[in-house]
Amino acid sequence: MEVIVSNIHIVIDSTAHAGSEFISQHENLHVVPLKLFLGDKEYNENEITNEELFTKVKETKVFPKTSQPPLGEFVNLFTELTAAGNKIIVITVAAGLSGTIQGATNAANMVNKKDIKVIDSGTTAVGILRLAEKAVDMVERGLEFEEIIEKLEQCAKATKTVVITNTLEYLHKGGRIGGASALFGTIMQIKPIMKLSEGKVTVIDKVRTRSKSISRMVEELSQHKGFDHIGIAHITAYDEALALQEKLQEIYPNTKITVTTGGAVLASHLGPGVLALIYQEEI
């Protein structure tokens, strides 16, 4: 495939979990990694798989911690790109999930504010990846910097995320749910259905079985009239993700529905067995 060279560069963070083939096809696409810590060991997110992560947690009984990319990594990349006369569009994980957007914004202000635009994806995983795909496509079609930004912001606003987990343990250990709530939820086998919309995480329902939680996610889609894309992101739940894809393709035969995995940062906060629907309404 021909490599496109442009003076508009796209920067995403590692929670997008972009594949190496997609990255290599676009010289103007860059990934800044979030960090993951297991005891005294530090990893870039893309240096450890979910399976390796869960194995280490099981062996060591130490739960992982994560952090946004160091400010300097954004500054160095922005400095290099703008010095060569490029403009930059940064697409980050939702502000409600990480401080990554603040770090990118601070770096942009330090380097060259007028030539760098930071966009809150309002989501993560395949939601960011889908925005990145749209961004590089618009660059290759010759759209102007401001036009690309406007369209990406519209797409981000139209993107919704619904998530179910198979355990409350990781949310508890990560400080995102209290011990009493986690214990009660585990004993009662409560499965919360969480929605990420406009940067805020809310619990939209609580059910008692895995099958009901998946059905509740599907029900959430029925509130919308049409979709540009429906992404299914999973963490060690591939078979369930494929079954969900088949079910949704029957309901929405004219919509592109993809299955991808979430990365190690999401796995650190949510644990194994995660299923998420990340979808963009038609605009």
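This structure is a prediction, so every number in the text was calculated from the model and none was measured.

Calculation notes
- Residues numbered from 1 in each chain as written.
- Predicted model: local features only at pLDDT ≥ 70, side-chain atom pairs only at ≥ 80, totals over all residues.
- Heavy atoms only, no water.
- Pairing = 2+ DSSP bridges.
- Helix = DSSP H or I, 4+ residues; strand = E, 2+ residues; numbered from the N terminus.
- Axes fitted to C-alpha atoms, helices over the stretch in contact; angles between N-to-C directions.
- Salt bridge = Lys/Arg side-chain N within 4 Å of Asp/Glu carboxyl O.
- Buried < 20%, exposed > 50% of the residue type's maximum accessible area, 1.4 Å probe, protein only.
- Phe/Tyr/Trp six-rings, centres within 6.5 Å; stacked < 30°, edge-to-face > 60°.
- Contact = heavy atoms within 4.5 Å.
- Expected span 1.5 Å × (residues − 1).
- Right-handed = clockwise from strand over helix to strand, strands pointing away.

## Considering the sheet that holds strand β4 (residues 41–44)
(1) Moving on: A sheet is described by the order of its strands in space; here 3 strands give the open sequence β4-β3-β5, paired in antiparallel fashion. Either end of the sheet is taken by a strand with one partner, and the two such strands are β4 and β5 (65–67). The average angle at which neighbouring strand axes cross in this sheet is 25°, direction not considered.
(2) Moving on: Note: strand β3 (residues 35–38) against β4, 4 bridges, orientation antiparallel. Each residue of the ladder has a partner; that of L36, found in β4, is Y43.

## Thoughts on the pattern of salt bridges
(1) Moving on: Throughout the structure, instances matching the rule amount to 12 salt bridges.
(2) Moving on: Notably, a salt bridge pairs K134 with D228, separated by 3.2 Å at the nearest N-O pair. Note that K134 is positioned in helix α5 (residues 126–140) and D228 in strand β11 (residues 227–235), a separation of 94 residues in sequence.
(3) Moving on: A residue is classified by how much of its surface remains accessible, and D228, at 28% relative accessible area, is partly exposed.
(4) Moving on: The partner of E220 in a salt bridge is K195, with the nearest N and O atoms 2.9 Å apart. Placement of E220 in helix α9 (residues 210–221) and of K195 in strand β9 (residues 191–197) is noted, with a sequence separation of 25 residues between them.
(5) Moving on: Taken together, the shared-partner salt bridges connect R130, E133, K134 and D228 into one network.

## Let's talk about unusual backbone geometry
(1) Moving on: One non-glycine residue, H17, lies in positive phi territory at about 55°.
(2) Moving on: With respect to the element layout, H17 can be found in the loop between β1 (8–13) and α1 (20–24).
(3) Moving on: Phi at T236 is positive, roughly 50°, even though this residue is not glycine.
(4) Moving on: Note that T236 resides in the loop between β11 and α10 (238–251).

## Comments concerning the packing of aromatic side chains
(1) Moving on: Applying the stated criterion to the full structure yields 5 aromatic pairs.
(2) Moving on: For the pair F227 and Y252, a centre-to-centre distance of 5.3 Å together with 85° between the ring planes defines the contact as edge-to-face. Of this pair, F227 sits in strand β11 while Y252 sits in the loop between α10 and β12 (257–261), and the two are 25 residues apart along the sequence.
(3) Moving on: With a centroid separation of 5.5 Å and 90° between ring planes, the pair formed by F227 and Y279 is classed as edge-to-face. Of this pair, F227 sits in strand β11 while Y279 is found in strand β13 (residues 274–281), placing the two residues 52 residues apart along the sequence.

## Section: the environment of I193
(1) Moving on: Checked against the element boundaries, I193 lands in strand β9.
(2) Moving on: Considered as a pair, I193 and M217 are 24 residues apart in the sequence and their alpha carbons are 7.3 Å apart.
(3) Moving on: Those residues in contact with I193 that sit more than four places away from it in its chain are V162, V163, I164, T202, V203, I204, D205, K206, V207, S213, R216 and M217.

## Description of helix α3 (residues 71–83)
(1) Moving on: Compared with an ideal rise of 1.5 Å per residue, which puts 13 residues at 18 Å, α3 spans 18 Å between its outermost C-alpha atoms and is within 8% of the ideal.
(2) Moving on: For α3, the full list of buried residues reads F74, V75, L77, F78, L81 and T82.
(3) Moving on: Along its buried surface, α3 packs onto β1, β2 (29–32), β6 (87–92), α4 (100–111) and β7 (116–120).
(4) Moving on: Backbone geometry just after α3 places G85 at a positive phi near 85°.

## Re the pairing of β6
(1) Moving on: The buried count for β6 comes to 5 of 6 residues, which makes it a mostly enclosed element.
(2) Moving on: Examined bridge by bridge, β1 and β6 share 5 bridges and lie parallel to one another. Across the sheet, the residue bridging to H9 is I88, located in β6.
(3) Moving on: Note that β6 and β7 share 5 bridges and pair parallel. Bridge pairing in β7 places I89 opposite K117.
(4) Moving on: Taken together, β6, α4 and β7 constitute a β-α-β crossover, and its handedness is right-handed.

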